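The primary structure of each chain is shown beneath.
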Amino acid sequence: MRLEKCWFCSSTVYPGHGIQFVRNDAKIFRFCRSKCHKNFKMKRNPRKVKWTKAYRRLHGKDMTQDSTFEFERKRNRPERYDRNLAENTLKAIKKIDKVRVDREARHHALRMKGKKAKEQREAAKELEQGIHMVKAPAVLEKEPSLTLPKIKVKVSRPQAEENHPMEE
Amino acid sequence: MIQPQTHLNVADNSGARELMCIRIIGTSNRRYAHIGDVIVAVIKEVVPNMPLERSEVIKAVIVRTCKELKRDNGMIIRYDDNAAVIIDQEGNPKGTRIFGAIVRELRQFHFTKIVSLAPE
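Residues numbered from 1 in each chain as written. Chains lettered and ligands numbered in written order. Predicted model: local features only at pLDDT ≥ 70, side-chain atom pairs only at ≥ 80, totals over all residues. Heavy atoms only, no water.

Undergrad: For this particular structure, what's the right way to read the side chain of His-37 of chain A?
TA: Summarising the element assignment, His-37 of chain A is placed in helix 1 (residues 34–41). His-37 of chain A gets classed as buried once you look at its relative accessible area, which sits at 6%. With sequence-adjacent residues up to four places away left out, His-37 of chain A is seen in contact with Ile-19 and Phe-31 of chain A together with Arg-78 of chain B. (Helix = DSSP H or I, 4+ residues; strand = E, 2+ residues; numbered from the N terminus. Buried < 20%, exposed > 50% of the residue type's maximum accessible area, 1.4 Å probe, protein only. Contact = heavy atoms within 4.5 Å.)

Undergrad: Quick question: what am I supposed to make of the sheet that holds strand 6 (residues 76–79) of chain B here?
TA: Paired through backbone hydrogen bonds, the strands of a sheet run either parallel or antiparallel to each other. The sheet built from 4 strands is open, its strands ordered 4(A)-3(A)-6(B)-5(B) with mixed pairing. Edge strands, defined here as strands with exactly one partner in the open sheet, are strand 4 (28–31) of chain A together with strand 5 (69–70) of chain B. Note that strand 3 (residues 19–22) of chain A and strand 4 of chain A share 4 bridges and pair antiparallel. Paired with Gln-20 of chain A across the bridge in strand 4 of chain A is Arg-30 of chain A. Relative to the sheet, helix 1 of chain A contacts strand 3 and strand 4 of chain A together with strand 6 of chain B, its axis offset from that of strand 4 of chain A by approximately 135 degrees. (Pairing = 2+ DSSP bridges. Axes fitted to C-alpha atoms, helices over the stretch in contact; angles between N-to-C directions.)

Undergrad: Please clarify how the domain arrangement of chain A should be interpreted in this entry.
TA: Many analyses report the size of an interface as the accessible area lost when the parts associate. Residue and element names in this part refer to chain A. Taken domain by domain, chain A comprises domain 1 (1–61) and domain 2 (63–128). Residue-level contacts link 6 residues of domain 1 with 8 residues of domain 2. Each partner contributes to the roughly 570 Å² buried at the junction of domain 1 and domain 2, and carbon and sulfur atoms together form 34% of this total. Three residues stand out in domain 1 for area buried against domain 2, namely Arg-2, Arg-57 and Lys-61, and they jointly supply 71% of the buried area on that side. At the junction of domain 1 with domain 2, the criterion picks out 1 salt bridge. The salt bridge involving Glu-72 is made with Lys-5; its shortest N-O contact spans 3.8 Å. (Domains from an automatic or database assignment. Buried area = accessible area lost by both parts, 1.4 Å probe. Salt bridge = Lys/Arg side-chain N within 4 Å of Asp/Glu carboxyl O.)

Undergrad: Just checking my understanding: could you explain the interface of chain A and chain B for this structure?
TA: Every contact between the two is made by 11 residues of chain A and, on the other side, 13 residues of chain B. When chain A packs against chain B, close to 1000 Å² is buried across both sides, 53% of that on carbon and sulfur atoms. Of all residues in chain A, the largest losses of buried area upon contact with chain B belong to Gln-20, Val-22 and Asn-24 of chain A, amounting jointly to 48% of the total for that side. At the junction of chain A with chain B, the criterion picks out 0 salt bridges. The interface formed by chain A and chain B holds 3 residue pairs in polar contact (both at pLDDT 80 or more) in total. Listing elements by their share of the side of chain A that touches chain B, those giving two or more residues are strand 3 and helix 1 of chain A. (Polar contact = N/O pair within 3.5 Å; in protein donor to acceptor, adjacent residues only side chain to side chain.)

Undergrad: Is there a simple way to think about unusual backbone geometry in this case?
TA: For residues other than glycine, phi is negative in most cases, and the peptide bonds are mostly trans. Residue and element names in this part refer to chain B. The residue Asn-49 is not glycine, and still its phi comes out positive at about 60 degrees. Counting through the fold element by element, Asn-49 comes out in the loop between strand 3 (38–46) and strand 4 (57–64). One non-glycine residue, His-110, lies in the positive phi region at around 65 degrees. One can find His-110 in the loop between helix 1 (105–108) and helix 2 (112–117).

Undergrad: In this structure, what is going on with the sheet that holds strand 2 (residues 16–24) of chain B? I would like to understand it.
TA: All names here are of chain B. Spatially, the 5 strands close up into a barrel ordered 1-2-3-4-7, and their pairing is mixed. Adjacent strand axes in the sheet meet at a mean angle of 55 degrees when their direction is disregarded. Where strand 4 and strand 7 (residues 83–87) come together, 5 bridges link them in antiparallel fashion. Within strand 7, the residue paired with Lys-59 across the bridge is Ile-87.

Written out as structure tokens, the structure reads:
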């Protein structure tokens, strides 16, 4: 049993899932689900399809080089079963995954750094440019502050009678 | 899913290029043939100067289908074309070389010679 990688999206294909396509030159393409298979049949290039790992790595959205990837290299020589080795490997897999996830989170944080400050600057500029949509310019000249002062208006009687035709 | 009138490529060097299925050997009324089934076919296209001739009726075993082959462990394999290897009455291939990928299931159908000649 071997966990393969989907040719299109690079996710793991577990046994019992997906389709293998053998081309006439004997190259095998493995797909994790029919979505990837259908995209392949449409001759789409995974490096141009946004949700695939190939695109993300190519465009710097995900980590490309890391020492944790070395552990997942494909090994063609089968190893003799050793209980200790198997146990240690299982423990190591967990630890390596944790390390890898942490590093990816750090990479993501680094990528998103400065986004909040940038958003706030853009929002302030937009408010400054578009303040005429919020308040009339004539009022702005009178009162340069951003909040409207509270004005009390006395309501006269005839308003109660006006509602009846509107209700009909 | 090969049925009569299906054109198949030939995956060996016996001299034929294209076959057309006429009949599926096995039970009567069998609708479709899959990988590992023997069919009766007529040769539609030949390579010139070879022992086989056009419109000769021969037997062949199917080695590749565009329809998926399902394995017991859940693996599904699909090929790019429909192909067959020409055999004689006993099941020995007529050609001496096999082209293209061959699936291991043929070994269970007792076509060991074909599997041993296959490139991968």
